[in-house]
Amino acid sequence: MRPRDGYLDWLRAMSLVVVVLWHWAFTILRWQPDGPTPTSPLGFLSGLWILTWLLQVLPLFFYVGGAVHLSSWERRSAPVRRYVWEHVRPLLVPALALVGTWTALGLAVGWWFDLRWIGGVVLLVVSPLWFVGVYAVLIALVPVTTWLHRRFDVLVLVWLGGVALVVDVLRFRYGLAWLGWVNMAAVWGLAHQLGFFHRRLVLAPARLAWALLTAGLFGLAGLVFSGLYPGSMVGVPGDRMSNVGPPTFVLVALLVFQVGLAEVTRPSVERLLLRRRVRWASDLVTRFALPLFLFHTTGMALARAAGYAVFDGRIADDRAPDLVWWLGRPLAVLGPLLFTLPVIALFTWRRSNGARPGAQKAS
């Protein structure tokens, strides 16, 4: 049996942590009559979008998922339905419970206090969970996608990339905007399918990783500076479009760049992970990365609510980030973290008391 790849675990955990830190540190809420509208420093300061080429890590997360799922599929002993359910359940059950809880809470609070903007708050809290649904669908399709991988190999990547490109042409040249949502399957499916080639990339000469890194970087630069696509890999209020909602072909270039970067830096990171203290910290983060992601917006909402209560009103944070704002970013992370940890502890306690003996750990 092939040993578990600790570097993949580290990449997946770090991807989730980066998303969490981004939301905590850089979410700016602009309060309007119909509720809060989120923005970020990207909406105020030009040039910061280049950082999203590193900090928009969902392509890398789906890539790692593909690598892990291929490995788990190859060593499975359970029937297909059981395999899918055992891998989907740890994601969907807490996500659906969280959505249900916030929906019920929003309806109750909105009705009792006549708060018309509470729906916007609930949507903000649960909206980052969209990727859980996409990820669950990709897990459910593993029996099909692994067959395609064995039957057609790299052609599957070419076809998915071609679909993503054709969809963009039809969207932007012929005004078929609704077709953009096809790329939710094509782009994220491509990232997941590329993960099936992970072992080949690891065993390949180092120049292949450098080739991916530079090809992805050239692709990003060409597509962005052509003026056809925004430079930011996350949505920015005021931009004419977003590269994420729905995904554009730019994310394919971002995927290639990030996978190349991950493989180029693999030797250095693996040496670092051999250190005892670093390995202990990495194991801790890996263990709690998924619960942290699932509940981080809940902790953030509770922290914001506590701040509004303490300061007797809404905190105006919709000004352009200045020196004081940047210096306050550690506190912007600490507050939500303190409110998220009890939620994670409660979730972990409930699972540990309700888990069946021999229950498998999520892959």
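Within an unreviewed UniProt entry, the label attached to the protein chain reads Acyltransferase, and the organism entered is Saccharothrix mutabilis subsp. mutabilis.

Novice: Provide a residue-level description of a nonpolar patch on the surface, including the pertinent values.
Specialist: Where nonpolar side chains cluster on the molecular surface, the patch consists of Leu165, Val169, Tyr174, Leu176 and Trp178 and spans about 530 Å² of accessible area. You can see Val169 is positioned in helix α8 (residues 155-174). The exposure class assigned to Val169 is partly exposed, which follows from its relative accessible area of 42%.

Novice: I'd like a rundown of the pairing of strand β2 (residues 35-39), residues and numbers included.
Specialist: Across five bridges, the pairing between strand β1 (residues 28-32) and β2 is antiparallel. Bridged to Arg30 within β2 is Thr37. Linking β1 to β2, which pair antiparallel, is a turn of two residues.

Novice: Describe the packing of helix α4 (residues 80-113) against helix α6 (residues 130-140), naming the residues involved and giving the relevant values.
Specialist: Between α4 and α6, the shortest axis-to-axis distance is 9 Å and the interhelical angle comes to 170°. In terms of orientation, α4 lies roughly antiparallel with respect to α6. Taking contact as the criterion, the partners of Val84, His87, Val88, Leu91, Leu92 and Ala95 in α4 are, on α6, Val132, Tyr135, Ala136, Ile139 and Ala140.

Novice: Residue-level account of the pattern of salt bridges, with values.
Specialist: This structure, assessed with the given rule, holds six salt bridges. Residue Asp168 pairs with Arg171 through a salt bridge whose shortest N-O separation is 3.9 Å. Residue Asp168 and its partner Arg171 are both found in helix α8; the two are separated by three residues, about one turn of the helix. Note on accessibility: Asp168 and Arg171 belong to one class, buried. For Glu270, the salt bridge goes to Arg266, with nearest N and O atoms at 2.7 Å. With Glu270 and Arg266 both in helix α12 (residues 250-273) and four residues apart, the pair spans about one turn of that helix. When its relative accessible area of 32% is taken as the criterion, Glu270 is described as partly exposed.

Novice: Before we move on, can you summarise helix α9 (residues 183-194) with the specific residues and values?
Specialist: Taking 1.5 Å as the rise per residue, α9 with 12 residues should run 16 Å; its terminal C-alpha atoms sit 16 Å apart, in good agreement. Of all the 12 residues making up α9, 11 are buried; the element is thus mostly covered by neighbouring parts of the structure. Looking only at α9, the buried set comprises Asn183, Met184, Ala186, Val187, Trp188, Gly189, Leu190, Ala191, His192, Gln193 and Leu194. Contact partners of the buried residues in α9: α3 (58-74), α6, α7 (142-152), α8, α10 (198-203) and α12.

Novice: Could you give an account of helix α13 (residues 276-310), naming the residues involved and the relevant values?
Specialist: Taking 1.5 Å per residue, 35 residues should reach 51 Å; α13 reaches only 42 Å between its end C-alpha atoms and comes up short. The axis of α13 is deflected most strongly, by about 50°, at Phe295.

Calculation notes
Residues numbered from 1 in each chain as written. Predicted model: local features only at pLDDT ≥ 70, side-chain atom pairs only at ≥ 80, totals over all residues. Heavy atoms only, no water. Patch = residues over 30% accessible without salt bridge, like charges linked within 9 Å, V, L, I, M, F, W, Y side chains within 5 Å. Areas by Shrake-Rupley, 256 points an atom, 1.4 Å probe, with all protein chains shown as cover. Salt bridge = Lys/Arg side-chain N within 4 Å of Asp/Glu carboxyl O. Helix = DSSP H or I, 4+ residues; strand = E, 2+ residues; numbered from the N terminus. Buried < 20%, exposed > 50% of the residue type's maximum accessible area, 1.4 Å probe, protein only. Pairing = 2+ DSSP bridges. Axes fitted to C-alpha atoms, helices over the stretch in contact; angles between N-to-C directions. Parallel < 35°, antiparallel > 145°, perpendicular 65-115°, else oblique. Contact = heavy atoms within 4.5 Å. Expected span 1.5 Å × (residues − 1). Bend = angle between axes of the 7 residues up to and from the residue.

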